[in-house]
Amino acid sequence: MNNDPNYLSCKKKECKKYSNGKCDVTTCSGTITFHVVNIRTAIEFVFFAGGFATPCILRFLVEWDFFLNLISPVASRVSYMTAIGNHERDYAESGSVYITPDSGGECGVPYETYFPMPTRSKDKPWYSIEQAGVHFTVISTEHDWSVNSEQDMASVDRSKTPWLIFTGHRPMYSSLTSSVDKNFVDAVEPLLLDNKVDVVLFGHVHNYERSCSVYNQKCLGMPRKDSDGIDTYDHSNYTAPVQAVIGMGGFTLDKFPDDINAPETWSLSRISEYGYLRGHATKTEMKLEFVNSDTRKVEDSFRIIKKKN
């Protein structure tokens, strides 16, 4: 927002609450730029989709010191939000949904120490936050996410935050199908459709993959190319959320299976390169870009638009 003159001068005032015909609560609208992993640039918000694998696998606190030093230029100045993953939770007799051989909750203690989030309590690591016009719902894929669990979709005022992003660690859609839990998809995916979630962001799989507007493995909507050739989803006529795996932040990359001659029908973009997701949102448009961390070039980009009523 530091580059948005309308926000700094409060030129776009909006009344959010009236009393006896008079405005009691006024807000200033603006735009927000956010990134989904660490990058040293003029940004306003960072989100990390879980899986602090490298410092935990090496099991030395000096590795944590090194990692924290890397992110401190950004994390010391802007919100640096995280979601819990398997490396932060899945140890024996912890009550985790998953007890898997790929991790043992080895990051749990340092993660909860270094990254306190605005959660309900220490062992309920799910929360919601708002950044300008974007509402983020963050879940724990490692805790009970069944239909009757405590994890639910918090109420969202779409007139205030027109964009809803749902995020966690384990994905619902990935060409690496062994990383997808059908029970998780069956329990949670209907909530995304019911609440008209715009974008779903997950990690766990170490690559990048973007879908159509997908539900139940079927494309309910396809993007169209704009004048610049960028895939554009029109959520004025909402059909289903766009799902993206953004696990390309730093650990060993997962290559896409060689035995798949063609991508899954819902899969529109698949990239196995290191990078991060960069986003910018206004009231009527959200643009997301996968930036290659080696070349700084945009490898994939897409827009979601909403026409004003």
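Definitions and cut-offs
- Residues numbered from 1 in each chain as written.
- Predicted model: local features only at pLDDT ≥ 70, side-chain atom pairs only at ≥ 80, totals over all residues.
- Heavy atoms only, no water.
- Helix = DSSP H or I, 4+ residues; strand = E, 2+ residues; numbered from the N terminus.
- Buried < 20%, exposed > 50% of the residue type's maximum accessible area, 1.4 Å probe, protein only.
- Areas by Shrake-Rupley, 256 points an atom, 1.4 Å probe, with all protein chains shown as cover.
- Core = buried A, V, L, I, M, F, W, Y, C linked by side-chain atoms within 4.5 Å.
- Salt bridge = Lys/Arg side-chain N within 4 Å of Asp/Glu carboxyl O.
- Pairing = 2+ DSSP bridges.

Asks: Looking at this structure, I do not really get the overall build of the chain. What am I missing?
Replies: Helix and strand counts for the chain stand at 5 helices and 18 strands. Expressed as a percentage of its 309 residues, the buried residues of the chain come to 48%. Working note: accessible area of the chain is about 15400 Å², and carbon and sulfur atoms make up 49% of it.

Asks: Which parts of the structure should I look at to understand the nonpolar core?
Replies: Where a protein is soluble and globular, its nonpolar side chains tend to be buried together. Core analysis: the largest hydrophobic core is formed by 41 residues, its most contacted members being Phe-115, Tyr-208 and Met-286. Among the nonpolar cores identified, the runner-up in size contains 19 residues, and Leu-164, Tyr-173, Val-185 and Val-197 belong to it.

Asks: Whenever I open this one, the pattern of salt bridges confuses me. Can you help?
Replies: Opposite charge on two side chains permits pairing when their charged atoms draw close. Applying the stated criterion to the full structure yields 14 salt bridges. The salt bridge partner of Glu-130 is Lys-160, with a shortest N-O separation of 3.6 Å. You can see Glu-130 sitting in strand 6 (residues 127-131) and its partner Lys-160 sitting in the loop between strand 7 (134-138) and strand 8 (163-167), a full 30 residues away along the chain. Put simply, Arg-158 and Asp-198 hold a salt bridge, and the shortest N to O gap is 2.9 Å.

Asks: I tried to follow the environment of Phe-251 on my own but got confused; where do I start?
Replies: Positionally, Phe-251 belongs in the loop between strand 14 (242-246) and strand 15 (267-271). Judged by relative accessible area, which is 31%, Phe-251 ranks as partly exposed. Distance from Phe-251 to Asn-207, taken between C-alpha atoms, is 9.6 Å for residues 44 residues apart in sequence.

Asks: I would appreciate a short explanation of the pairing of strand 10 (residues 208-215) in the present structure.
Replies: Consecutive side chains along a regular strand alternate between the two faces of the sheet. Judged by how many residues are buried, strand 10 sits mostly within the fold: 7 of 8 residues are covered. Where strand 10 lies against strand 15, 4 bridges are found, and the strand directions are antiparallel. Bridging across to strand 15, Ser-211 finds its partner in Ser-267. Sheet topology note: the strand 10/strand 11 (residues 218-221) ladder contains 3 bridges and is antiparallel. Directly across from Ser-213, in strand 11, lies its bridge partner Gly-221. Remark: 2 residues form the turn of the hairpin made by strand 10 and strand 11, two consecutive strands paired antiparallel; Asn-216 in that turn has positive phi of roughly 55°.

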